[in-house]
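# Topology and contacts: notes
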Amino acid sequence: MWYNYIMVKQKSIKKDENQLAYDIINQLGNSEKNPAAVVLGRLGGLKGGKARAKKLSPHRRKLIAKKAAESRWHKK
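Scoring rules and cut-offs
Residues numbered from 1 in each chain as written. Predicted model: local features only at pLDDT ≥ 70, side-chain atom pairs only at ≥ 80, totals over all residues. Heavy atoms only, no water. Helix = DSSP H or I, 4+ residues; strand = E, 2+ residues; numbered from the N terminus. Areas by Shrake-Rupley, 256 points an atom, 1.4 Å probe, with all protein chains shown as cover. pLDDT = per-residue confidence, 0-100. Patch = residues over 30% accessible without salt bridge, like charges linked within 9 Å, V, L, I, M, F, W, Y side chains within 5 Å. Salt bridge = Lys/Arg side-chain N within 4 Å of Asp/Glu carboxyl O. Lys, Arg positive; Asp, Glu negative; His and termini not counted. Charge placed at Lys NZ, Arg CZ, Asp CG, Glu CD. Buried < 20%, exposed > 50% of the residue type's maximum accessible area, 1.4 Å probe, protein only. Expected span 1.5 Å × (residues − 1). Bend = angle between axes of the 7 residues up to and from the residue.

Turning next to the overall build of the protein. Each helix and strand in the protein was counted, giving four helices and zero strands. Reading the secondary structure of the protein in the N-to-C direction produces α-α-α-α. Put simply, the protein shows about 7800 Å² of open surface, and 60% of that area lies on carbon and sulfur atoms.

Written out as C-alpha cells, the structure is:
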C-alpha cells in the first residue's frame, strides 16, 4: 500500500521519485481484467498454434523443431 512508503526511512529507499510514484499508482489502480477481452484472447490463443502448424510446410516445421531441440540441449 502507499502508506508503507511513507513509513520507510529515506535511506532505505533505493528507487528514485519517479519509480516510487509509478509503483504507488500501479498499486492504487484497478487490476481487474475485462472478462470479454479475456475470452477473446483465449479464443485466439486456442486457434493460433493449430492454424500456424497447418499453414507451415513439413520442411519448415522440421526446421523449427530442429532449432527448438538444439536450443533445449545447448542451455547452460
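Okay, the confidence of the model for the protein next. When pLDDT is averaged along the protein, the result is 79, and 78% of the positions lie at 70 or above. Ranking the helices and strands of the protein by mean pLDDT puts helix α4 (residues 58–73) first, with 94, and helix α1 (residues 2–7) last, with 53.

Take a positive patch on the surface next. On the surface, a cluster of positive charge is made up of R52, K55, R60 and K67. Every element with two or more residues in the positive patch is listed here: α3 (35–55) and α4. Given the relative accessible area of 43%, R60 is considered partly exposed.

Time to look at α3. Spanning 21 residues, α3 covers 30 Å between terminal C-alpha atoms, matching the ideal 30 Å at 1.5 Å per step. The largest bend in α3 is about 30 degrees, located at G48.

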